[in-house]
Amino acid sequence: MARNKHPEETVNLIVDVAYRLFMEKGYERTSIQDIIDNLGGLSKGAIYHHFKSKEDILVTVTNKMTEESNKMLAVIRDRTDLNGEEKLKTIFKESIYRPVQDDIFTVAPNLNNNPRLLFSMFRDTVEEAAPVYILPIIEQGISDGSIQTDYPKELAELIILTANIWMNPMVFDNSVEEAYGKFMVFRQMMQGFGLDIVDEEMLDRLKELTSIYQKNK
């Protein structure tokens, strides 16, 4: 096969093929060779020219899947018709109901077996999600009186780390029952801060996502 003069096309091809295979077989059961076999003659060297490992491919796949969702979250953050507490509830609800979440929980690996990927997720949560999406909402809530805290930065990190890491079955491999217990504690913790941002419908959706992950891992 002739060398691709447009590396972005090669990257897109690899990512698209990997995404399809991750969906069909699951991340853990998809090998680099499986991806190569579906690239129409592209060599293993072409893959490793752009990606260091299967984990690197997964990171790119996940980033592609969540790019539009992050734009949506930014829109919610910037809305002028909601107070801070209402934005937190809306941003949490939209995060778990976006259709791409089903795909993410279908292809996701057990992060206990992927420490580099877990660290990347942890870093992105603290360095991007908390300050970019959650902190501005908490600061608005302090101003409009819907959120009470003297530590907005720390509360932003607590909320997003609890939601993205501690409650994430991909990190702790929780069963549906174990995950539900964590969801309930998160709900009670938020209520302790005076934040009613998790309702029964959301709890059911979180259980559904956990079930999707457990079924496909």
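Residues numbered from 1 in each chain as written. Predicted model: local features only at pLDDT ≥ 70, side-chain atom pairs only at ≥ 80, totals over all residues. Heavy atoms only, no water.

## Focus: unusual backbone geometry
Argument step 1. Located in the positive-phi region is Asp173, a residue other than glycine, with phi close to 55°.
Argument step 2. Mapped onto the fold, Asp173 is located in the loop between helix 9 (169-172) and helix 10 (176-192).
Argument step 3. Residue Asp173 is classed as partly exposed on the basis of its relative accessible area, which comes to 25%. (Helix = DSSP H or I, 4+ residues; strand = E, 2+ residues; numbered from the N terminus. Buried < 20%, exposed > 50% of the residue type's maximum accessible area, 1.4 Å probe, protein only.)

## Thoughts on the packing of aromatic side chains
Argument step 1. Counted under the stated rule, the structure contains two aromatic pairs.
Argument step 2. Aromatic pair Phe22 and Tyr27: ring centres 5.2 Å apart, planes at 65°, arrangement edge-to-face.
Argument step 3. The buried category is assigned to Phe22, whose relative accessible area is 0%.
Argument step 4. What makes Tyr27 buried here is its relative accessible area of 3%.
Argument step 5. The ring of Phe172 has Lys182 lying over it, and the distance from NZ or CZ to the ring centre is 3.9 Å.
Argument step 6. Above the plane of the ring of Tyr180 lies Lys207, whose end atom (NZ or CZ) is 4.8 Å from the centre. (Phe/Tyr/Trp six-rings, centres within 6.5 Å; stacked < 30°, edge-to-face > 60°. Lys NZ or Arg CZ within 6 Å of the ring centre and 35° of its normal.)

## Brief notes about the pattern of salt bridges
Argument step 1. The tally for this structure, following the rule as stated, stands at eight salt bridges.
Argument step 2. Lys153 is paired through a salt bridge with Glu157; the nearest N and O atoms lie 2.9 Å apart. Within this pair, Lys153 and its partner Glu157 are both found in helix 8 (residues 152-166), separated by four residues, close to a single helical turn.
Argument step 3. A single network of salt bridges, built from pairs that share partners, joins Asp102, Arg205 and Glu208. (Salt bridge = Lys/Arg side-chain N within 4 Å of Asp/Glu carboxyl O.)

## Observations regarding the nonpolar core
Argument step 1. In terms of nonpolar packing, the biggest core is built from 62 residues, with Ile35 and Ile57 touching the most fellow members.
Argument step 2. If near-sequence neighbours (up to four positions away) are discounted, Ile57 is found in contact with Ile14, Ala18, Phe22, Ile32, Ile35, Ile47 and Phe51. (Core = buried A, V, L, I, M, F, W, Y, C linked by side-chain atoms within 4.5 Å. Contact = heavy atoms within 4.5 Å.)

## Brief notes about empty space enclosed by the protein
Unfilled space is identified by rolling a water-sized probe across the atoms.
Argument step 1. This structure, assessed with the given rule, holds one cavity of 30 Å³ or more.
Argument step 2. When its volume is computed, the largest cavity comes out at roughly 30 Å³.
Argument step 3. Around the largest cavity, the lining residues are Gly26, Tyr27, Glu28, Arg29, Thr106, Val107, Ala108, Asn216 and Lys217.
Argument step 4. When its residues are assigned to classes, the lining of the largest cavity shows three nonpolar, three polar and three charged. (1 Å grid on protein atoms, 1.4 Å probe; cavity = no way out; pocket = protein on both sides within 12 Å on 5 of 7 lines; lining within 4 Å. Points joined across faces, edges and corners; volume = space filled by probe spheres on them. Nonpolar A, V, L, I, M, F, W, Y, C, P; charged D, E, K, R; others polar.)

## Digging into the confidence of the model for the protein
Argument step 1. Here the protein shows a mean pLDDT of 87. Residues at 70 or above account for 95%.
Argument step 2. Ranking the elements of the protein by mean pLDDT puts helix 6 (residues 100-107) last with 77 and helix 10 first with 94. (pLDDT = per-residue confidence, 0-100.)

## What to know about the packing of helix 1 (residues 7-25) against helix 6
Argument step 1. One can describe the packing of helix 1 onto helix 6 by two numbers: an axis separation of 8 Å at closest approach and a directional angle of 75°. In terms of their interaxial angle, helix 1 and helix 6 are classed as roughly perpendicular. Contacts from Tyr19, Phe22 and Met23 in helix 1 reach Asp103, Thr106 and Val107 in helix 6.
Argument step 2. Residues of the contact of helix 1 with helix 6, tallied by class, amount to four nonpolar, one polar and one charged. (Axes fitted to C-alpha atoms, helices over the stretch in contact; angles between N-to-C directions. Parallel < 35°, antiparallel > 145°, perpendicular 65-115°, else oblique.)

## What about helix 1?
Argument step 1. An ideal rise of 1.5 Å per residue puts 27 Å on 19 residues; helix 1 measures up with 27 Å between its terminal C-alpha atoms.
Argument step 2. Regarding helix 1, the residues found buried are Thr10, Ile14, Val15, Val17, Ala18, Leu21 and Phe22.
Argument step 3. Following helix 1 by one or two positions, Gly26 has its phi on the positive side, about 90°. (Expected span 1.5 Å × (residues − 1).)

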